[in-house]
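# Examination of the molecular architecture
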Amino acid sequence: MTKSFYLTTAIDYVNGQPHLGHAYEKVVSDVIARARRSLGQEVFFLTGLDEHGQKVQQAAQSEGKSPQAYCDALALDWRTFATELQLSNQDFVRTSDPRHKSVVQAILTKLNNEGHFYRSKYRGFYSTRQETFLTEKDRRPDGSFDSIYGEVTELVEENYYFKLRDHQQWLIDYIEHNPDFIAPSYRRNEVLGFLKNNDLEDLCITRPAARLSWGIPLPFDPEYVTYVWFDALANYISVPAAYGDPALRAALPDLKLNEPTGDQRLALWPADLHVIGKDILKFHAVYWPIMLKAIGLSLPKQILVHGWWQKDGEKISKSTGNIIDPLAVIKDWGLDAFRYYVTRELAIGPDGNWTDAGFASRYTAELANGIGNLLNRSLAMLRSYRNKTVPARHDELAHEASKTVEAVRKQLLEPDLQGALQTLFSLITHANQYIDQTAPFKLAKDPAQAQRLDEILYNLMEVCRILAVLIWPFLPSTAEKIFAQLGLLKSPSDFNLAVWGGLPSGHVTNDPAPLFPRRDTLPSPA
RNA sequence: GCCAGAGUAGCUCAGGGGUAGAGCAGAGGACUCAUAAGCCUUUGGUCGCAGGUUCAAUUCCUGCCUCUGGCACCA
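All values derive from a computational prediction rather than experimental measurement. (Residues numbered from 1 in each chain as written. Chains lettered and ligands numbered in written order. Predicted model: local features only at pLDDT ≥ 70, side-chain atom pairs only at ≥ 80, totals over all residues. Heavy atoms only, no water.)

With that out of the way, let us pick up the pattern of salt bridges. Should their charged atoms come close, side chains of opposite charge can pair. Counted under the stated rule, the structure contains 32 salt bridges. With its nearest N and O atoms 3.6 Å apart, the salt bridge here joins E63 to K65. You can call K65 partly exposed: its relative accessible area is 36%. Residue R362 pairs with E366 through a salt bridge whose shortest N-O separation is 2.8 Å. Here the residue R362 and the residue E366 both occupy positions in helix α13 (residues 356-386), the gap between them amounting to 4 residues, near one helical turn. Comparing R362 with E366 shows no difference in burial state: the two are buried. (Salt bridge = Lys/Arg side-chain N within 4 Å of Asp/Glu carboxyl O. Buried < 20%, exposed > 50% of the residue type's maximum accessible area, 1.4 Å probe, protein only. Helix = DSSP H or I, 4+ residues; strand = E, 2+ residues; numbered from the N terminus.)

Spelled out as structure tokens, the structure:
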């Protein structure tokens, strides 16, 4: 059993409908997953939902539903969302899954037995709305609390805590010795700055069941449910454990979950990549590694931190109506146009700025006039001049194409998705220049130039074929369409197909049809 | 306030001790296979401000100004 490339997204809190930020993270992750598969790796891509907590409990109550029924309904929307984005995830985890609960309880039992937890009283001001205790730092000069906290009450509570204090130094060392552990590097610097300038405080990992019943009960104290950390973060290992991952089974020998047999067993841990938003960096780069070390597991290879989207230079906000509805955009422009814009517009890391004009501009200039038109004009010429039949192989653009292929391969592995798209589009530009320089439409009028015309047409068709393979991780449907128009029966999902000379002489293509029809309207307001 | 980082063409950004670069936008042109697409040419800049080091600074140093991110929740 060889270990798969294991890739996760953050699991989203099931409190409302998916928006652009969720869609972005999922698409980026999916492109990486598809790229790795295309390059020949076995990939396990996991996404899912975080369902426990007070907000869900309250929302369910106000709708007169059980929390589980409430989550079931929303989970349907989120699964549909994943489908609409054409995510290629292998599994979809929900923290209310029985398999997840079993793993969480096994972890808690083990860490409790090994003395990682202690019980302690805490008196403080509690904000129900924010589900958090407030400190003196949260107070305003007049002693009151900001209205974002809602009603604040003072209460005394006994809870369980996870000892973090002893873990600070090894974690600093680990991050310093593993420069790729947190990417981009400025996020790594932030974490190191935090770890070096603050003393870690122990982590409160429970809530009294009396106050919060919608959670996973502590196996050693039914008066409590576990809270956030050992619930949500644990999804990354609960699913591998359910698939019988050897590393996890070894770390959690008392796990009460049937082990799958034969082909269903998977080796996934350690994760190769956690894709997360910058808001949850600390949890993933500080708490999570410490939890894993305590459990006795190795750390994920990389935490890749993406930025947030703005719209028209302003913060996206439901209350001001400054929002993007990804599903509306997809309905209007097509999924691949959406996937293209969010991966092309910004690198993974910095914040991005969504503008409808920018979206329309990339659609027209790059998708319609770029890749769409290149395929269209190339196929149209082959149809007019050679009755759709591919001439003998000729290698005039082979060098340029293979240079592009190798550069894209590197960028996909990094992963530099924006860079890969830029590289790939340089081949489109090159092919368009080639058409102008060689003017096949002039040669077609002179029978004496038939040989030269054959050569040019072959080069164009072959570039289009290779482009489809390169673009497949980003725009799977478009890549399939290109192959279909080229009359190819295979799927463009294998990077090995991006080798020059794949089109056999005599092969007959199909008719051209615009991949991205030009349009003159802006996307409808979300 | 503290810690990073950034200020370069209308916009987004790359670069880097010695005549300033790309893409998009703008202007002009030749062509016609194509989704009136594509191609070629081209106008734009005291490289944030002030000092310093140097034969030479946009680049290195110092100070200042402005902005962004992090330090508290949120994809």
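Moving on to the domain arrangement of chain A. As far as domains go, chain A holds domain 1 (5-306) and domain 2 (355-497). Taking only C-alpha atoms, the centre of domain 1 and the centre of domain 2 are 43 Å apart. Between domain 1 and domain 2, the residue contacts involve 11 residues of the former and 14 residues of the latter. Approximately 1200 Å² of surface area, both sides summed, lies buried where domain 1 meets domain 2, with 68% of it carried by carbon and sulfur atoms. Of all residues in domain 1, the largest losses of buried area upon contact with domain 2 belong to R34, S38 and L39, amounting jointly to 46% of the total for that side. Our count for the domain 1 to domain 2 interface comes out at 4 residue pairs in polar contact (both at pLDDT 80 or more). The element best represented in the side of domain 1 that touches domain 2 is helix α1 (residues 20-38), accounting for 7 residues. (Domains from an automatic or database assignment. Contact = heavy atoms within 4.5 Å. Buried area = accessible area lost by both parts, 1.4 Å probe. Polar contact = N/O pair within 3.5 Å; in protein donor to acceptor, adjacent residues only side chain to side chain.)

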